[in-house]
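# Summary of the model geometry
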Amino acid sequence: MARPVSSFRCTECGWTTLKWAGRCGECQQWGTVVDTTVKASLARALKPASVTGAGVARPITHVDTTAVSHWPTGIAEFDRVLGGGIVPGSVILLSGEPGVGKSTLLLEVASKAAAAKSRVLYVSAEESVSQVRLRAERTGALQPELYIAAETDLATILGQIDAIQPNLVIVDSVQTVASSLSDGLAGMPSQVREVASTLIRVAKDRNLPILLVGHVTKDGSIAGPRLLEHLVDVVCQFEGDRQSALRFVRALKNRFGSTDEVGCFEMTGDGIAEVPDPSALFLSRGSTPVSGTCVTVALEGRRAMPVEVQALVIKTQAPNPRRVTNGVDSSRVAMLLAVLERRASLSGLGSMDVYVSTVGGIRLTEPAADLAIALAIASAFKDKPIAQGAVAFGEISLAGEVRPVSAAKLRAAEAARLGFTIRLDAEAGAIGTAVAAAIATGQSARDAELDRAF
(Lines give C-alpha, C1' and ligand atoms only; values in the text may rest on other atoms or scores of the structure.)
Protein backbone atom coordinates (compact mmCIF):
# COMPACT_ATOMS: atom_id res chain seq x y z
CA MET A 1 0.00 0.00 0.00
CA ALA A 2 1.38 3.38 -1.02
CA ARG A 3 2.41 5.81 1.65
CA PRO A 4 0.29 8.96 1.79
CA VAL A 5 1.94 12.17 0.61
CA SER A 6 1.51 14.99 3.15
CA SER A 7 0.19 18.18 1.60
CA PHE A 8 -1.41 21.26 3.10
CA ARG A 9 -3.36 23.87 1.14
CA CYS A 10 -4.69 27.36 1.88
CA THR A 11 -8.44 27.60 1.39
CA GLU A 12 -8.16 31.32 0.57
CA CYS A 13 -5.56 31.52 -2.19
CA GLY A 14 -4.61 27.88 -2.95
CA TRP A 15 -1.03 28.11 -1.62
CA THR A 16 0.42 24.64 -0.89
CA THR A 17 3.10 23.46 1.51
CA LEU A 18 4.46 20.15 2.78
CA LYS A 19 4.23 21.20 6.44
CA TRP A 20 1.31 22.66 8.30
CA ALA A 21 1.44 26.36 9.09
CA GLY A 22 -0.88 28.49 11.14
CA ARG A 23 -0.51 31.38 8.68
CA CYS A 24 -0.57 31.20 4.90
CA GLY A 25 2.74 32.15 3.34
CA GLU A 26 1.05 33.73 0.31
CA CYS A 27 -2.04 35.68 1.46
CA GLN A 28 -0.95 35.95 5.13
CA GLN A 29 -4.32 34.75 6.43
CA TRP A 30 -4.49 32.88 9.74
CA GLY A 31 -6.16 29.49 10.15
CA THR A 32 -6.76 28.83 6.43
CA VAL A 33 -4.16 26.06 5.88
CA VAL A 34 -5.85 22.64 5.92
CA ASP A 35 -4.64 19.08 5.39
CA THR A 36 -5.26 17.72 1.89
CA THR A 37 -3.29 14.47 2.23
CA VAL A 38 -3.82 12.08 -0.69
CA LYS A 39 -2.32 8.75 -1.61
CA ALA A 40 0.45 8.79 -4.16
CA SER A 41 -1.13 5.91 -6.06
CA LEU A 42 -4.19 7.99 -6.93
CA ALA A 43 -2.23 10.29 -9.23
CA ARG A 44 -0.61 7.35 -11.03
CA ALA A 45 -3.95 5.58 -11.46
CA LEU A 46 -5.43 8.41 -13.52
CA LYS A 47 -6.06 7.29 -17.11
CA PRO A 48 -6.75 9.40 -20.20
CA ALA A 49 -10.45 9.81 -21.03
CA SER A 50 -11.78 9.52 -24.56
CA VAL A 51 -13.10 12.75 -26.06
CA THR A 52 -15.94 12.66 -28.56
CA GLY A 53 -18.43 15.00 -30.17
CA ALA A 54 -18.24 18.74 -29.48
CA GLY A 55 -15.51 18.25 -26.89
CA VAL A 56 -12.84 17.41 -29.48
CA ALA A 57 -10.29 20.21 -29.94
CA ARG A 58 -10.56 22.05 -33.23
CA PRO A 59 -8.76 24.99 -34.90
CA ILE A 60 -9.54 28.34 -33.35
CA THR A 61 -10.53 29.70 -36.76
CA HIS A 62 -13.39 27.18 -36.88
CA VAL A 63 -14.95 28.36 -33.60
CA ASP A 64 -18.30 30.13 -34.07
CA THR A 65 -18.60 33.33 -32.00
CA THR A 66 -22.03 34.48 -33.15
CA ALA A 67 -23.66 32.96 -30.07
CA VAL A 68 -21.46 34.90 -27.63
CA SER A 69 -21.98 38.44 -28.86
CA HIS A 70 -22.86 41.17 -26.37
CA TRP A 71 -26.49 42.05 -25.81
CA PRO A 72 -27.13 45.49 -24.26
CA THR A 73 -28.69 45.80 -20.83
CA GLY A 74 -30.48 49.05 -21.64
CA ILE A 75 -28.20 51.01 -19.29
CA ALA A 76 -25.57 52.65 -21.48
CA GLU A 77 -23.15 53.45 -18.65
CA PHE A 78 -23.17 49.85 -17.43
CA ASP A 79 -22.76 48.56 -20.99
CA ARG A 80 -19.76 50.87 -21.40
CA VAL A 81 -18.01 49.16 -18.48
CA LEU A 82 -18.92 45.64 -19.63
CA GLY A 83 -17.55 46.27 -23.12
CA GLY A 84 -20.88 46.58 -24.93
CA GLY A 85 -23.25 44.51 -22.81
CA ILE A 86 -23.67 41.08 -21.24
CA VAL A 87 -22.23 38.04 -22.99
CA PRO A 88 -24.42 34.88 -22.81
CA GLY A 89 -22.91 32.32 -20.45
CA SER A 90 -20.79 34.87 -18.64
CA VAL A 91 -20.62 35.37 -14.87
CA ILE A 92 -20.28 38.96 -13.65
CA LEU A 93 -19.32 39.86 -10.08
CA LEU A 94 -20.34 43.33 -8.82
CA SER A 95 -18.81 44.38 -5.51
CA GLY A 96 -18.98 47.54 -3.45
CA GLU A 97 -19.40 49.10 -0.02
CA PRO A 98 -22.66 48.54 1.89
CA GLY A 99 -25.33 51.01 0.80
CA VAL A 100 -23.52 52.18 -2.33
CA GLY A 101 -26.38 50.99 -4.57
CA LYS A 102 -25.42 47.54 -5.89
CA SER A 103 -28.89 46.04 -5.45
CA THR A 104 -30.54 49.14 -6.89
CA LEU A 105 -28.36 49.03 -10.00
CA LEU A 106 -28.92 45.31 -10.61
CA LEU A 107 -32.66 45.66 -10.04
CA GLU A 108 -32.62 48.35 -12.75
CA VAL A 109 -30.68 45.99 -15.03
CA ALA A 110 -33.25 43.26 -14.33
CA SER A 111 -36.12 45.66 -15.10
CA LYS A 112 -34.59 46.76 -18.42
CA ALA A 113 -33.98 43.16 -19.46
CA ALA A 114 -37.53 42.12 -18.48
CA ALA A 115 -38.95 45.07 -20.40
CA ALA A 116 -37.17 43.73 -23.49
CA LYS A 117 -39.21 40.49 -23.16
CA SER A 118 -36.38 38.55 -21.50
CA ARG A 119 -37.28 36.42 -18.48
CA VAL A 120 -35.21 37.44 -15.46
CA LEU A 121 -34.82 35.64 -12.13
CA TYR A 122 -33.77 37.91 -9.26
CA VAL A 123 -32.69 35.86 -6.22
CA SER A 124 -32.44 37.90 -3.04
CA ALA A 125 -30.66 36.13 -0.20
CA GLU A 126 -30.63 39.22 2.04
CA GLU A 127 -34.11 40.72 1.63
CA SER A 128 -37.61 39.34 1.58
CA VAL A 129 -39.75 39.36 -1.55
CA SER A 130 -41.91 42.18 -0.19
CA GLN A 131 -38.85 44.36 0.50
CA VAL A 132 -37.61 43.91 -3.05
CA ARG A 133 -41.12 44.68 -4.32
CA LEU A 134 -41.19 47.96 -2.37
CA ARG A 135 -37.85 49.03 -3.85
CA ALA A 136 -39.03 48.06 -7.32
CA GLU A 137 -42.15 50.21 -6.89
CA ARG A 138 -40.06 53.17 -5.78
CA THR A 139 -37.63 52.88 -8.69
CA GLY A 140 -40.23 51.95 -11.31
CA ALA A 141 -38.79 48.48 -11.94
CA LEU A 142 -42.03 46.47 -11.94
CA GLN A 143 -42.17 44.17 -14.96
CA PRO A 144 -44.26 41.01 -15.57
CA GLU A 145 -41.22 39.06 -16.80
CA LEU A 146 -39.21 39.84 -13.66
CA TYR A 147 -39.39 36.92 -11.19
CA ILE A 148 -38.30 37.38 -7.57
CA ALA A 149 -37.30 34.70 -5.08
CA ALA A 150 -35.89 34.98 -1.56
CA GLU A 151 -33.62 31.94 -1.15
CA THR A 152 -30.37 31.18 0.65
CA ASP A 153 -30.05 27.49 -0.29
CA LEU A 154 -28.11 26.73 -3.48
CA ALA A 155 -30.14 23.65 -4.34
CA THR A 156 -33.39 25.63 -4.13
CA ILE A 157 -31.93 28.32 -6.38
CA LEU A 158 -31.02 25.69 -8.96
CA GLY A 159 -34.57 24.36 -8.72
CA GLN A 160 -35.91 27.87 -9.37
CA ILE A 161 -33.71 28.11 -12.46
CA ASP A 162 -35.05 24.78 -13.73
CA ALA A 163 -38.66 25.80 -13.12
CA ILE A 164 -38.56 29.33 -14.56
CA GLN A 165 -35.99 28.86 -17.37
CA PRO A 166 -34.79 32.49 -17.22
CA ASN A 167 -32.61 34.34 -19.71
CA LEU A 168 -30.77 36.20 -16.94
CA VAL A 169 -30.11 35.35 -13.28
CA ILE A 170 -29.13 37.80 -10.54
CA VAL A 171 -27.97 36.50 -7.14
CA ASP A 172 -27.77 39.02 -4.30
CA SER A 173 -25.41 38.07 -2.79
CA VAL A 174 -23.01 35.17 -3.28
CA GLN A 175 -21.70 35.39 0.32
CA THR A 176 -25.17 34.72 1.79
CA VAL A 177 -25.94 31.55 -0.21
CA ALA A 178 -24.96 28.16 1.24
CA SER A 179 -24.66 24.66 -0.23
CA SER A 180 -25.41 21.45 1.67
CA LEU A 181 -22.45 19.79 -0.07
CA SER A 182 -19.96 21.99 1.77
CA ASP A 183 -19.36 22.33 5.49
CA GLY A 184 -19.49 25.61 7.32
CA LEU A 185 -21.75 28.64 7.40
CA ALA A 186 -22.64 30.87 4.47
CA GLY A 187 -19.87 33.33 3.67
CA MET A 188 -17.02 31.02 4.65
CA PRO A 189 -14.36 30.49 1.96
CA SER A 190 -15.37 26.88 1.33
CA GLN A 191 -19.05 27.83 0.93
CA VAL A 192 -18.32 30.80 -1.35
CA ARG A 193 -16.08 28.62 -3.51
CA GLU A 194 -18.70 25.86 -3.77
CA VAL A 195 -21.58 28.25 -4.56
CA ALA A 196 -19.60 30.22 -7.13
CA SER A 197 -18.22 27.15 -8.92
CA THR A 198 -21.69 25.60 -9.13
CA LEU A 199 -23.31 28.75 -10.52
CA ILE A 200 -20.47 29.18 -13.01
CA ARG A 201 -20.92 25.60 -14.21
CA VAL A 202 -24.66 26.22 -14.67
CA ALA A 203 -23.93 29.42 -16.60
CA LYS A 204 -21.52 27.70 -18.98
CA ASP A 205 -23.66 24.60 -19.52
CA ARG A 206 -26.87 26.53 -20.25
CA ASN A 207 -25.33 29.61 -21.88
CA LEU A 208 -27.06 31.58 -19.13
CA PRO A 209 -25.59 34.93 -17.95
CA ILE A 210 -25.45 35.28 -14.16
CA LEU A 211 -24.80 38.46 -12.17
CA LEU A 212 -23.44 38.03 -8.64
CA VAL A 213 -23.31 40.63 -5.89
CA GLY A 214 -20.18 40.44 -3.74
CA HIS A 215 -19.54 41.88 -0.29
CA VAL A 216 -16.32 43.71 0.53
CA THR A 217 -14.19 43.65 3.64
CA LYS A 218 -13.25 46.70 5.70
CA ASP A 219 -10.11 47.21 3.62
CA GLY A 220 -12.14 47.33 0.38
CA SER A 221 -11.24 43.90 -1.05
CA ILE A 222 -13.88 41.37 -2.10
CA ALA A 223 -14.88 39.07 0.75
CA GLY A 224 -14.29 35.34 0.39
CA PRO A 225 -11.48 33.41 -1.27
CA ARG A 226 -9.37 35.11 -3.91
CA LEU A 227 -10.32 32.21 -6.15
CA LEU A 228 -13.75 33.83 -6.61
CA GLU A 229 -12.27 36.63 -8.71
CA HIS A 230 -10.37 34.11 -10.84
CA LEU A 231 -13.45 32.00 -11.55
CA VAL A 232 -15.79 34.73 -12.79
CA ASP A 233 -15.49 36.41 -16.20
CA VAL A 234 -15.99 40.04 -15.17
CA VAL A 235 -15.26 41.78 -11.86
CA CYS A 236 -16.85 45.23 -11.44
CA GLN A 237 -16.28 47.61 -8.55
CA PHE A 238 -19.08 49.98 -7.52
CA GLU A 239 -17.55 53.04 -5.85
CA GLY A 240 -19.02 56.12 -4.27
CA ASP A 241 -18.82 58.45 -1.31
CA ARG A 242 -21.68 58.43 1.19
CA GLN A 243 -21.52 62.22 1.26
CA SER A 244 -22.00 62.47 -2.50
CA ALA A 245 -24.70 61.15 -4.82
CA LEU A 246 -22.19 60.33 -7.56
CA ARG A 247 -21.29 56.69 -8.16
CA PHE A 248 -18.65 55.10 -10.40
CA VAL A 249 -18.60 51.58 -11.82
CA ARG A 250 -15.27 50.34 -13.11
CA ALA A 251 -14.12 46.93 -14.33
CA LEU A 252 -11.19 45.35 -12.49
CA LYS A 253 -11.28 42.30 -14.76
CA ASN A 254 -13.07 41.80 -18.08
CA ARG A 255 -12.56 38.84 -20.38
CA PHE A 256 -14.79 40.38 -23.05
CA GLY A 257 -13.61 43.98 -23.20
CA SER A 258 -11.38 46.71 -21.86
CA THR A 259 -10.92 47.58 -18.19
CA ASP A 260 -10.32 51.28 -18.90
CA GLU A 261 -13.96 52.38 -19.11
CA VAL A 262 -15.83 53.95 -16.20
CA GLY A 263 -19.60 54.32 -15.83
CA CYS A 264 -21.06 57.31 -13.99
CA PHE A 265 -24.32 57.17 -12.03
CA GLU A 266 -26.17 59.40 -9.60
CA MET A 267 -28.27 58.19 -6.69
CA THR A 268 -31.65 59.92 -6.59
CA GLY A 269 -34.85 59.47 -4.62
CA ASP A 270 -36.25 57.39 -7.47
CA GLY A 271 -33.28 55.04 -7.70
CA ILE A 272 -30.13 55.31 -9.74
CA ALA A 273 -29.77 57.46 -12.85
CA GLU A 274 -27.15 57.52 -15.58
CA VAL A 275 -24.83 60.50 -15.95
CA PRO A 276 -23.66 60.37 -19.58
CA ASP A 277 -21.92 63.76 -19.35
CA PRO A 278 -20.72 64.46 -15.78
CA SER A 279 -18.82 67.62 -16.76
CA ALA A 280 -21.12 70.04 -14.95
CA LEU A 281 -21.04 68.09 -11.67
CA PHE A 282 -17.51 69.13 -10.74
CA LEU A 283 -17.61 72.82 -11.71
CA SER A 284 -18.93 75.73 -9.65
CA ARG A 285 -21.86 77.76 -10.91
CA GLY A 286 -20.38 81.23 -10.37
CA SER A 287 -20.05 83.56 -13.35
CA THR A 288 -17.57 85.95 -11.73
CA PRO A 289 -13.92 84.84 -11.46
CA VAL A 290 -12.85 84.24 -7.85
CA SER A 291 -9.33 83.90 -6.55
CA GLY A 292 -8.25 80.44 -5.42
CA THR A 293 -9.99 78.40 -8.11
CA CYS A 294 -8.56 76.50 -11.07
CA VAL A 295 -9.99 73.87 -13.41
CA THR A 296 -8.19 70.70 -14.47
CA VAL A 297 -9.16 67.74 -16.63
CA ALA A 298 -9.01 64.42 -14.80
CA LEU A 299 -9.18 60.96 -16.32
CA GLU A 300 -11.47 58.24 -14.98
CA GLY A 301 -10.52 55.28 -17.13
CA ARG A 302 -10.83 56.64 -20.68
CA ARG A 303 -13.30 59.35 -19.67
CA ALA A 304 -12.02 62.90 -19.35
CA MET A 305 -13.87 65.08 -16.84
CA PRO A 306 -13.24 68.70 -15.85
CA VAL A 307 -12.77 69.17 -12.12
CA GLU A 308 -12.51 72.44 -10.28
CA VAL A 309 -9.95 72.77 -7.50
CA GLN A 310 -10.52 75.42 -4.84
CA ALA A 311 -7.97 76.76 -2.36
CA LEU A 312 -8.07 79.17 0.56
CA VAL A 313 -4.95 80.69 2.13
CA ILE A 314 -5.25 82.77 5.32
CA LYS A 315 -2.91 84.11 7.98
CA THR A 316 -2.63 82.26 11.26
CA GLN A 317 -1.18 82.92 14.71
CA ALA A 318 -0.76 79.25 15.48
CA PRO A 319 2.80 77.86 15.62
CA ASN A 320 1.81 74.97 13.34
CA PRO A 321 -0.20 76.10 10.29
CA ARG A 322 -3.12 73.89 9.31
CA ARG A 323 -3.23 71.87 6.08
CA VAL A 324 -6.78 70.71 5.40
CA THR A 325 -7.57 68.82 2.20
CA ASN A 326 -10.71 67.28 0.75
CA GLY A 327 -10.55 65.23 -2.45
CA VAL A 328 -6.77 65.57 -2.90
CA ASP A 329 -3.77 63.88 -1.31
CA SER A 330 -2.55 65.85 1.72
CA SER A 331 1.07 64.77 1.26
CA ARG A 332 0.94 65.90 -2.37
CA VAL A 333 -0.37 69.30 -1.28
CA ALA A 334 2.44 69.63 1.28
CA MET A 335 5.00 68.95 -1.44
CA LEU A 336 3.41 71.52 -3.78
CA LEU A 337 3.47 74.14 -1.02
CA ALA A 338 7.21 73.62 -0.60
CA VAL A 339 7.78 73.83 -4.36
CA LEU A 340 5.71 77.02 -4.66
CA GLU A 341 7.57 78.73 -1.85
CA ARG A 342 10.98 77.74 -3.14
CA ARG A 343 10.57 77.71 -6.94
CA ALA A 344 7.77 80.27 -7.49
CA SER A 345 8.99 82.85 -4.95
CA LEU A 346 5.83 82.73 -2.84
CA SER A 347 7.61 83.56 0.41
CA GLY A 348 5.55 83.24 3.57
CA LEU A 349 3.23 80.58 2.16
CA GLY A 350 4.56 77.93 4.54
CA SER A 351 3.43 79.91 7.62
CA MET A 352 -0.22 80.22 6.54
CA ASP A 353 -3.25 77.99 6.88
CA VAL A 354 -4.02 76.29 3.56
CA TYR A 355 -7.32 74.64 2.65
CA VAL A 356 -7.66 72.71 -0.62
CA SER A 357 -10.82 71.00 -1.86
CA THR A 358 -12.47 69.72 -5.03
CA VAL A 359 -15.99 70.56 -6.19
CA GLY A 360 -18.57 67.78 -6.26
CA GLY A 361 -16.78 65.38 -3.92
CA ILE A 362 -14.58 63.78 -6.60
CA ARG A 363 -11.12 62.60 -5.56
CA LEU A 364 -8.03 63.52 -7.57
CA THR A 365 -5.23 60.98 -7.26
CA GLU A 366 -3.26 61.38 -10.48
CA PRO A 367 -0.18 63.67 -10.71
CA ALA A 368 -1.79 65.51 -13.64
CA ALA A 369 -3.73 67.60 -11.12
CA ASP A 370 -0.53 69.06 -9.59
CA LEU A 371 -0.52 72.17 -11.75
CA ALA A 372 -4.17 73.02 -11.07
CA ILE A 373 -3.69 72.58 -7.31
CA ALA A 374 -0.57 74.75 -7.35
CA LEU A 375 -2.24 77.48 -9.41
CA ALA A 376 -5.28 77.51 -7.14
CA ILE A 377 -3.04 77.93 -4.08
CA ALA A 378 -0.98 80.65 -5.78
CA SER A 379 -4.15 82.47 -6.85
CA ALA A 380 -5.51 82.38 -3.29
CA PHE A 381 -2.16 83.52 -1.87
CA LYS A 382 -1.96 86.53 -4.23
CA ASP A 383 -5.73 87.10 -4.06
CA LYS A 384 -5.85 87.36 -7.84
CA PRO A 385 -8.22 85.19 -9.89
CA ILE A 386 -7.35 82.98 -12.82
CA ALA A 387 -9.22 83.54 -16.06
CA GLN A 388 -12.55 81.72 -16.17
CA GLY A 389 -11.74 80.08 -19.50
CA ALA A 390 -8.41 78.64 -18.31
CA VAL A 391 -7.69 74.98 -17.69
CA ALA A 392 -4.46 73.47 -16.31
CA PHE A 393 -3.01 69.99 -16.18
CA GLY A 394 0.57 68.91 -15.58
CA GLU A 395 2.83 67.15 -13.10
CA ILE A 396 5.17 69.26 -10.98
CA SER A 397 8.59 68.00 -9.96
CA LEU A 398 10.61 69.05 -6.91
CA ALA A 399 12.76 71.16 -9.23
CA GLY A 400 9.70 73.21 -10.19
CA GLU A 401 9.44 71.73 -13.65
CA VAL A 402 6.00 71.21 -15.23
CA ARG A 403 6.10 67.78 -16.82
CA PRO A 404 3.78 66.41 -19.53
CA VAL A 405 1.05 63.97 -18.53
CA SER A 406 -0.58 60.98 -20.17
CA ALA A 407 -3.49 61.45 -22.60
CA ALA A 408 -2.74 65.16 -22.99
CA LYS A 409 -4.54 65.30 -26.36
CA LEU A 410 -7.67 63.73 -24.86
CA ARG A 411 -7.65 66.23 -22.01
CA ALA A 412 -7.12 69.14 -24.38
CA ALA A 413 -9.93 67.98 -26.66
CA GLU A 414 -12.37 67.71 -23.73
CA ALA A 415 -11.36 71.16 -22.49
CA ALA A 416 -11.92 72.64 -25.97
CA ARG A 417 -15.31 70.93 -26.22
CA LEU A 418 -16.41 72.57 -22.98
CA GLY A 419 -15.29 76.04 -24.10
CA PHE A 420 -11.97 76.44 -22.28
CA THR A 421 -9.82 78.65 -24.50
CA ILE A 422 -6.70 79.06 -22.31
CA ARG A 423 -4.62 75.95 -21.65
CA LEU A 424 -1.75 75.81 -19.16
CA ASP A 425 0.32 72.63 -19.41
CA ALA A 426 3.88 71.39 -19.81
CA GLU A 427 4.61 74.11 -22.39
CA ALA A 428 4.89 76.57 -19.49
CA GLY A 429 8.17 74.86 -18.57
CA ALA A 430 8.44 75.93 -14.91
CA ILE A 431 5.96 76.46 -12.11
CA GLY A 432 6.99 80.11 -11.71
CA THR A 433 6.24 80.79 -15.37
CA ALA A 434 2.90 78.99 -15.11
CA VAL A 435 1.86 81.00 -12.03
CA ALA A 436 2.80 84.29 -13.71
CA ALA A 437 0.92 83.35 -16.88
CA ALA A 438 -2.20 82.25 -14.98
CA ILE A 439 -2.33 85.41 -12.86
CA ALA A 440 -1.72 87.60 -15.93
CA THR A 441 -4.51 85.99 -17.92
CA GLY A 442 -6.87 86.37 -14.97
CA GLN A 443 -5.99 90.04 -14.53
CA SER A 444 -6.45 90.69 -18.25
CA ALA A 445 -9.84 89.01 -18.19
CA ARG A 446 -10.93 91.08 -15.18
CA ASP A 447 -9.75 94.33 -16.82
CA ALA A 448 -11.62 93.47 -20.00
CA GLU A 449 -14.79 92.76 -17.99
CA LEU A 450 -14.50 96.08 -16.16
CA ASP A 451 -14.03 97.91 -19.49
CA ARG A 452 -17.22 96.32 -20.81
CA ALA A 453 -19.08 97.26 -17.63
CA PHE A 454 -18.14 100.96 -17.90
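Scroll up to find the structure.
Residues numbered from 1 in each chain as written. Predicted model: local features only at pLDDT ≥ 70, side-chain atom pairs only at ≥ 80, totals over all residues. Heavy atoms only, no water.

## Points about the sheet that holds strand S6 (residues 91-96)
Strand order across the open sheet formed by nine strands is S8-S7-S9-S10-S6-S11-S12-S13-S14, with mixed pairing between neighbours. The sheet is open, and its two borders are formed by strand S8 (146-149) and strand S14 (271-274), each paired with just one other strand. For this sheet the average axis-to-axis angle between neighbouring strands, irrespective of direction, equals 25 degrees. Strand direction decides the pairing type here: strand S13 (residues 262-268) and S14, joined by four bridges, are antiparallel. Bridged to glutamate 266 within S14 is alanine 273. Relative to strand S10 (residues 210-214), helix H6 (residues 189-206) is tilted by about 160 degrees, and along the sheet it contacts S6, strand S9 (168-172) and S10. (Pairing = 2+ DSSP bridges. Helix = DSSP H or I, 4+ residues; strand = E, 2+ residues; numbered from the N terminus. Axes fitted to C-alpha atoms, helices over the stretch in contact; angles between N-to-C directions. Contact = heavy atoms within 4.5 Å.)

## Structural notes on the pattern of salt bridges
Opposite charge on two side chains allows them to pair when their charged atoms are near. Counted under the stated rule, the structure contains 18 salt bridges. The partner of arginine 250 in a salt bridge is glutamate 300, with the nearest N and O atoms 2.8 Å apart. In this pair, arginine 250 sits in strand S12 (residues 246-254) while glutamate 300 sits in strand S15 (residues 293-300), placing the two residues 50 residues apart along the sequence. Judged by relative accessible area, arginine 250 falls into the buried class, the value being 19%. Across the pair aspartate 425 and arginine 423 runs a salt bridge whose closest N-O atoms are separated by 3.1 Å. Looking at aspartate 425, the relative accessible area reads 11%, which means it is buried. Assessed through its relative accessible area of 44%, arginine 423 is described here as partly exposed. (Salt bridge = Lys/Arg side-chain N within 4 Å of Asp/Glu carboxyl O. Buried < 20%, exposed > 50% of the residue type's maximum accessible area, 1.4 Å probe, protein only.)

## Overview of the sheet that holds strand S2 (residues 8-10)
Strand order across the open sheet formed by three strands is S3-S2-S4, with antiparallel pairing between neighbours. For this open sheet the edge positions go to strand S3 (16-17) and strand S4 (33-35), each flanked by a neighbour on one side alone. Pairing between S2 and S3: two bridges, direction antiparallel. Bridge assignment links arginine 9 to a residue of S3, and that residue is threonine 16.

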